[in-house]
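Given next are the chains, with one letter for each unit.
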Amino acid sequence: QVQLVESGGGLVQPGGSLRLSCAASGRIFSINTMGWYRQAPGNQRELVAEITSGGSTNIADSVKGRFTISRDKAKNMVYLQMNSLKPEDTAVYYCNALIIAGFGEFRRPYWGQGTQVTVSS
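So, a few notes on the structure that sits alongside this text. (Residues numbered from 1 in each chain as written. Predicted model: local features only at pLDDT ≥ 70, side-chain atom pairs only at ≥ 80, totals over all residues. Heavy atoms only, no water.)

## Remarks on the pattern of salt bridges
Which entries qualify depends on this criterion: The salt bridge criterion pairs a side-chain nitrogen of Lys or Arg with a carboxyl oxygen of Asp or Glu, the two atoms within 4 Å. Where helices and strands are cited, they refer to DSSP runs of H or I of at least four residues and of E of at least two residues respectively, numbered from the N terminus. Relative accessibility under 20% of the residue-type maximum defines a buried residue, over 50% an exposed one, and the middle range a partly exposed one, all with a 1.4 Å probe and only protein chains included.
Counted under the stated rule, the structure contains five salt bridges. Between Arg27 and Glu105 there is a salt bridge; the shortest N-O distance is 2.4 Å. Taken together, the residues span a long stretch of sequence, with Arg27 in the loop between strand E3 (18-26) and strand E4 (30-39) and Glu105 in the loop between strand E9 (91-100) and strand E10 (108-111) at a distance of 78 residues. Judged by its relative accessible area of 43%, Arg27 is partly exposed. The class for Glu105 is partly exposed, based on a relative accessible area of 34%. Put simply, Arg66 and Asp89 hold a salt bridge, and the shortest N to O gap is 2.7 Å. With a gap of 23 residues between them, Arg66 in the loop between strand E6 (57-59) and strand E7 (67-72) and Asp89 in the loop between strand E8 (77-82) and E9 connect regions that are remote in the sequence. Asp89 carries the same exposure label as Arg66, and that label is buried.

## Thoughts on the packing of aromatic side chains
Where we set the bar: Any Phe, Tyr or Trp ring, taking Trp's six-membered ring, that has another such ring centre within 6.5 Å forms a pair; planes under 30 degrees apart are called stacked, those over 60 apart edge-to-face, and the others tilted. Note on criteria: charge over ring means Lys NZ or Arg CZ within 6 Å of the ring centre, with the direction from the centre no more than 35 degrees off the ring normal.
Applying the stated rule across the entire model yields two aromatic pairs. Measuring from centroid to centroid gives 5.7 Å for Phe29 and Phe103, while their planes differ by 70 degrees, and the two rings are edge-to-face. With Phe29 in the loop between E3 and E4 and Phe103 in the loop between E9 and E10, the pair connects residues that are 74 residues apart, well separated along the chain. On the basis of relative accessibility, which here comes to 49%, the residue Phe29 falls in the partly exposed class. By relative accessible area, Phe103 is classed as exposed at 74%. Aromatic pair Tyr37 and Trp111: ring centres 5.0 Å apart, planes at 65 degrees, arrangement edge-to-face. On the criterion of sequence distance, the pair formed by Tyr37 in strand E4 and Trp111 in strand E10 is long-range, its members being 74 residues apart. Overall, Trp111 belongs to the partly exposed group, its relative accessible area being 38%. Sitting above the plane of the Tyr79 ring, Arg19 keeps its charged end 4.1 Å from the centroid.

## Side note on the environment of Gly26
By the secondary structure assignment, Gly26 is in strand E3. Remark: the alpha-carbon pair of Gly26 and Val2, spanning 24 residues in sequence, is separated by 4.6 Å.

## So, the nonpolar core
Operational definition: In this text, buried Ala, Val, Leu, Ile, Met, Phe, Trp, Tyr and Cys residues form a nonpolar core when linked through side-chain atoms within 4.5 Å.
In terms of nonpolar packing, the biggest core is built from 32 residues, with Trp36, Leu80, Met82 and Tyr93 touching the most fellow members. Elements with a contribution of two residues or more to this core: strand E1 (2-7), E3, E4, strand E5 (46-51), E7, E8, E9 and strand E11 (115-119).

## Here we look at the pairing of E4
To keep it simple, the criterion reads: Paired strands are those between which DSSP finds at least two bridges.
Sheet topology places E4 next to E9; eight bridges connect them, and they run antiparallel. Residue pairing across strands places Tyr37 opposite Tyr94, the latter belonging to E9. For E4 and E5, the ladder comprises five bridges, and the chain directions are antiparallel. If you follow Arg38 over to E5, its bridge partner there is Glu46. Counting the residues between successive antiparallel strands, the hairpin from E4 to E5 contains six residues, one of them, Gly42, with a positive phi of roughly 80 degrees.

Any functional reading would require information that these geometric values do not contain.
Here it is as C-alpha cells:
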C-alpha cells in the first residue's frame, strides 16, 4: 500500500504565507513526478505545481512568482511554499505522485486526502 499524507494547511490572512508538506510512504519502488493540485468549491481540480524526479518544475500561471515547489527525494517528500496568498487561493490542496510500487510494475497516480487552505481576513 502507498500512502500520501499532506500537512501544513490552515487559515491565513491575505498576503501571508503557508508551507504544505506531503510524505509518501509504503510499498514504493520509485517515484516519478510529484505535485500539488487544488480544488475550490464548484471548480474542477487544477494543477498548481509539479516537479519531476530530475528537478524540473511546472508552475501554474496563476501562482507563478508566489508559489515554489521543492522535493526531498531521500525522504519521499514534496513541499509547496506559498507566499503572497490571495483569497482566490482558497481551496483544498491535494498531493499527487506518480509511483512505481514494485519492480516491473507500471507507474500509477496516487493522491493524498487533501488539506484545506483558507485565505481570509
